[in-house]
Amino acid sequence: MKRFLVTCDPGLEDIAEEEIRKKLKAKVKRFFNFQGKLLVDLKSSKKLFALHSLHHIIELKKTFFLRKKTLDELYEKIKRTNIDELEKADSFRVTSKRFGQHSFTSIQIQNICGKALQEKYKKKVDLKNFDVNIRIDVVGNLCFVGIQHTRESLYKRFKKSFNHPAAIKSTIAYGMLCLAGIKKGNTLLDPMCGSGTIPLEAASLFKDKIRIVAGDINKEYVKGAEENAKLNGLEKFIEFKMIDATKLEKYFEKAEKVDRIVTNPPYGIKIGKRKNLRKLYRNFLVSASKILSDSGRMVVINLRAEMFRIAVIRTKLFKVIHERVVESGGLYPHIFVLEKI
Ligand SMILES: C[S@@+](CC[C@H](N)C(=O)[O-])C[C@H]1O[C@@H](n2cnc3c(N)ncnc32)[C@H](O)[C@@H]1O
């Protein structure tokens with residue numbers, strides 16, 4: 001049995017834990033004092049690659065404490081760490097992430113650990129064409145040493161010919177879809193789909209078991225999202241249309257209720273005007289309540305948490321049944337789960 005340190009979106013550890021437990025029936029351990037990491041015991045890393053909630057997979061070789069939290073101590077401890085895979089390799093690189101207060105940077109960790117391992121194993125450092133990627137994370141005074149099995153983060157699983165400037169990670173889309181509690185036969189709508197991350201994720205999970213409708217007010221984005229779906233062989237599972245999320249009742253017949261809305265409205269970082277954003281959130285909520293079935297559910301990710309929460313309270317149409325913060329690229333958007341009042 002091997003021990004893997006897997007990384008996920010900070011704030012979605014419970015989603016990753018459940019996916020691992022359900023799909024792989026593996027033992028999972030959560031950390032209480034730091035986010036975005038889990039420990040999994042498995043014979044091989046192979047099945048972890050097929051999961052939807054993970055970023056990186058690291059086969060753990062050693063964990064130790066840094067009592068003095070200095071680079072000299074780290075250098076000495078790495079020199080005493082045995083990594084058999086480096087005996088057989090021609091080249092290696094060191095990748096590092098650092099969390100907490102330290103007197104050194106992650107680049108310095110990479111340099112000092114690279115030096116220690118090069119002196120010990122006499123192998124070439126190659127940052128691009130390496131045989132083995134040694135991952136060394138320092139979290140507070142804890143150090144994790146392992147072999148990173150993933151080259152690129154697994155959240156980049158979809159091929160995209162159209163990249164939206166404000167796209168979310170597919171792992172976050174997966175988390176939102178889990179929180180939506182989608183059932184077979186449901187109609188799912190993302191009316192502000194951008195490059196299509198949420199509908200693509202939904203199509204890869206549910207295929208034809210549900211109806212997926214995706215739209216955006218920007219014609220170019222709808223075209224781009226459809227292209228992305230085609231590139232991934234998922235276009236047959238998604239209906240694309242130009243949609244104004246503030247007039248949703250225009251696109252759905254009265255009898256044609258939507259069961260789940262999962263979406264990522266603009267945060268206003270690029271659009272600007274707060275007044276317009278406030279109006280968009282309010283009108284979207286009013287319109288969404290008209291097409292969502294009474295037992296329906298809406299999952300929204302939004303960086304403007306306060307503004308969105310006020311819109312929910314003032315429109316008096318939905319109640320927040322769950323709210324959490326996730327970390328994404330240094331930003332901390334909130335995920336809201338809403339049900340009709
Ligand atoms: C944050 S982006 C969505 C990004 C998307 N989740 C992705 O991963 O690519 C928000 C999108 O909302 C769209 N939008 C803004 N106002 C809209 C409206 N009234 N109706 C529909 N879409 C709208 C924008 O064109 C933009 O593509």
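Model, not experiment: these values are computed from the prediction.

Brief notes about the site of the ligand
Here's step 1: The environment of the ligand is formed by 20 residues, the closest being His164, Ser195, Thr197, Asp216 and Ala245.
Here's step 2: The contact in question runs from an oxygen atom of the ligand to an N or O atom on the backbone of Ile168, over 3.0 Å.
Here's step 3: Between the ligand and the protein, one listed contact pairs an oxygen atom with a side-chain N or O atom of Ser195 at 2.6 Å.
Here's step 4: For the ligand, whose free accessible area comes to 600 Å², the fraction covered by protein is 92%.
Here's step 5: Counting atoms within 2 Å of the grid points, the majority share of the ligand lands in the largest pocket.
Here's step 6: Grouping the constituent residues of the shell around the ligand by class yields 13 nonpolar, five polar and two charged.

Focus on the packing of aromatic side chains
Here's step 1: Scanning the model with the defined rule gives six aromatic pairs in all.
Here's step 2: On the basis of an interplanar angle of 80° and a centroid distance of 5.7 Å, the ring pair of Tyr281 and Phe308 is categorised as edge-to-face. A residue pair is termed long-range when its members are at least 10 positions apart, and Tyr281 in helix α8 (residues 274-291) and Phe308 in helix α9 (residues 305-315) qualify at 27 residues.
Here's step 3: With a relative accessible area of 0%, Phe308 lands in the buried category.

What counts, and where the lines are drawn
- Residues numbered from 1 in each chain as written.
- Predicted model: local features only at pLDDT ≥ 70, side-chain atom pairs only at ≥ 80, totals over all residues.
- Heavy atoms only, no water.
- Near = heavy atom within 4 Å.
- Polar contact = N/O pair within 3.5 Å; in protein donor to acceptor, adjacent residues only side chain to side chain.
- Areas by Shrake-Rupley, 256 points an atom, 1.4 Å probe, with all protein chains shown as cover.
- 1 Å grid on protein atoms, 1.4 Å probe; cavity = no way out; pocket = protein on both sides within 12 Å on 5 of 7 lines; lining within 4 Å.
- Sits in = over half its atoms within 2 Å of the grid points.
- Nonpolar A, V, L, I, M, F, W, Y, C, P; charged D, E, K, R; others polar.
- Phe/Tyr/Trp six-rings, centres within 6.5 Å; stacked < 30°, edge-to-face > 60°.
- Helix = DSSP H or I, 4+ residues; strand = E, 2+ residues; numbered from the N terminus.
- Buried < 20%, exposed > 50% of the residue type's maximum accessible area, 1.4 Å probe, protein only.

By themselves these figures say nothing about function.
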